[in-house]
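Fold and contact review
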Amino acid sequence: MTRSFLFAGSLLALSLLAGCGESPATKEAAEPKAAAAADDYERGPHRGRMLRDGDFAVEITIFEDGVDPEFHVYAYRKDKPIPPGEVQLAIELSRLGGKVDRFAFTPQEDYLRGGGVVIEPHSFDVKVRAVEGGRTHNWTYASYEGRTTISAEAARAGGVKTERAGSATVAELIDMGGRIEITPEGKADVRARLPGQIVWMTGKLGDRVSRGQTLLRVESSHSLQTYAVPAPISGTIIEKNANVGDTTGDRALFVVADPTKLHAEFFVYPRDAERVRVGQRVSVRSLSGEAKLDAPVEAVLPTADVASQTMMAHVHLPPEASRTFRPGMGVEGSFAVAEAQVPLAVRTKAIQRFRDFEVVYARVGNTYEVRMLEIGRRTPEWTEVLGGLEPGTEYVTDGAFLIRADIDKSGASHDH
């Protein structure tokens with residue numbers, strides 16, 4: 001069934017905060033006729049907006065059934081269809097921000113077809129000019145969608161922040177799972193230099209010790225003299241494998257670890273091994289997503305499993321990471337295996353859903369309106385924009401939910 005989109009002010013009758021509803025008719029030289037109110041207009045046989053002037057009328061629709069949106073306009077005299085070739089028609093769309101789209105029309109079967117695509121969003125002030133039978137007819141009306149106006153004070157109170165869209169460095173990411181471990185340099189075994197019997201010992205699991213601090217005394221089996229065994233590094237006792245009276249042997253009597261010397265270990269599978277390199281940036285985050293930081297790859301090493309051909313990537317973590325990351329904790333990592341400078345990108349966090357589109361909210365003064373995006377590469381921080389947004393556009397980065405909620409509350413629909 002042929003589907004036409006009603007080109008009407010009822011797409012968005014925003015009167016809540018900004019007076020963004022149907023605009024009154026303007027007085028022009030040719031005395032244009034104002035369209036009916038946004039929620040009280042006349043629909044034509046094709047479910048479009050009827051614009052009347054005396055016994056002449058046009059029905060405005062936007063047709064998008066299997067094609068890019070385009071104007072289809074039907075002409076009537078005394079409510080009877082007339083051949084489209086008897087009418088000369090032009091439509092002008094004034095968009096938020098000052099851009100103007102102009103459409104000329106050609107006869108096509110029983111309607112006039114607009115030359116060009118009616119670009120989303122379908123939100124604009126409309127001027128229609130028709131000439132037939134030696135008479136000229138003019139109409140104006142507003143047709144808004146995805147638009148609202150919020151005062152600067154309300155926007156600040158709602159946490160709304162904006163920035164200008166422009167170029168950015170967008171990375172190609174590979175996601176992997178891993179875990180936090182103490183680095184080899186951050187762990188040390190406490191061993192006796194000479195065999196003997198432990199005659200004195202201090203320290204228990206979890207105790208903090210300092211480098212050089214005496215942890216036990218051993219009576220040498222050869223000289224029967226007692227000597228001290230110090231802690232080789234500062235850290236926490238994580239293993240205790242002996243007690244007073246035991247003989248030392250070759251085993252580690254204590255294991256001391258420095259919890260500030262951490263790295264994340266990630267298994268790199270063969271399909272990704274050639275793309276992971278030392279120095280690449282990695283976004284490391286806890287499984288809950290609450291803890292996150294960026295850190296470099298410090299080493300890529302083969303694993304003990306030769307058959308699987310996996311590699312182990314070590315990602316260095318700064319000392320302050322120990323505040324939120326603990327040894328043994330599972331983590332996720334996004335490896336930036338390639339980077340490219342793109343001419344236009346927006347913050348990923350700014351992107352919202354509107355109808356079937358991914359959008360950002362452009363700001364002009366105190367007015368906000370959706371911009372439907374054609375999207376390229378995406379990272380947690382940046383998303384490449386291939387179309388739908390002009391460079392330099394001011395758009396909402398924080399508090400977009402407030403704009404979306406206000407538009408939804410005001411009845412932002414796309415009437416087909």
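The structure displayed is predicted, hence computed values, not measured ones.

The next point concerns the overall build of the protein chain. In terms of regular secondary structure, the protein chain is built from three helices and 32 strands. In the protein chain, buried positions account for 46% of the 416 residues. Contacts in the protein chain between residues at least 24 apart in sequence constitute 66% of all its contacts with a sequence separation of at least 6. Surface summary for the protein chain: the accessible area is close to 20,700 Å², and the carbon and sulfur share equals 49%.

Turning our attention to the confidence of the model for the protein chain. Chain-level pLDDT for the protein chain is 88 on average; 88% of the residues reach the 70-or-more range. Segment residues 1-38: pLDDT under 50, and 125 contacts once partners within four positions in sequence are set aside and those in other chains are kept.

Once that is clear, we can look at the packing of aromatic side chains. With the rule as written, the count across this model stands at four aromatic pairs. Taken together, a centroid distance of 5.1 Å and an interplanar angle of 85° make the contact between Phe 71 and Phe 103 edge-to-face. Of the two residues, Phe 71 sits in strand 5 (residues 70-77) while Phe 103 sits in strand 8 (residues 100-108), which places them 32 residues apart along the sequence. The buried category is assigned to Phe 71, whose relative accessible area is 0%. Overall, the relative accessible area of 5% leaves Phe 103 in the buried class. Taking 5.8 Å as the distance between ring centres and 55° as the angle between the ring planes, the aromatic pair formed by Tyr 74 and Tyr 111 counts as tilted. With Tyr 74 in strand 5 and Tyr 111 in strand 9 (residues 111-114), this pair connects stretches of sequence that are 37 residues apart. When sorted by exposure, Tyr 74 lands in the same class as Tyr 111, which is buried. Positioned over the ring face of Tyr 141 is Arg 49, at 4.5 Å from the centre of the ring. Of note, Arg 147 hangs over the ring of Tyr 144, and the distance from its end group to the ring centre comes to 4.0 Å.

Rules of the game
- Residues numbered from 1 in each chain as written.
- Predicted model: local features only at pLDDT ≥ 70, side-chain atom pairs only at ≥ 80, totals over all residues.
- Heavy atoms only, no water.
- Helix = DSSP H or I, 4+ residues; strand = E, 2+ residues; numbered from the N terminus.
- Buried < 20%, exposed > 50% of the residue type's maximum accessible area, 1.4 Å probe, protein only.
- Contact = heavy atoms within 4.5 Å.
- Areas by Shrake-Rupley, 256 points an atom, 1.4 Å probe, with all protein chains shown as cover.
- pLDDT = per-residue confidence, 0-100.
- Phe/Tyr/Trp six-rings, centres within 6.5 Å; stacked < 30°, edge-to-face > 60°.
- Lys NZ or Arg CZ within 6 Å of the ring centre and 35° of its normal.

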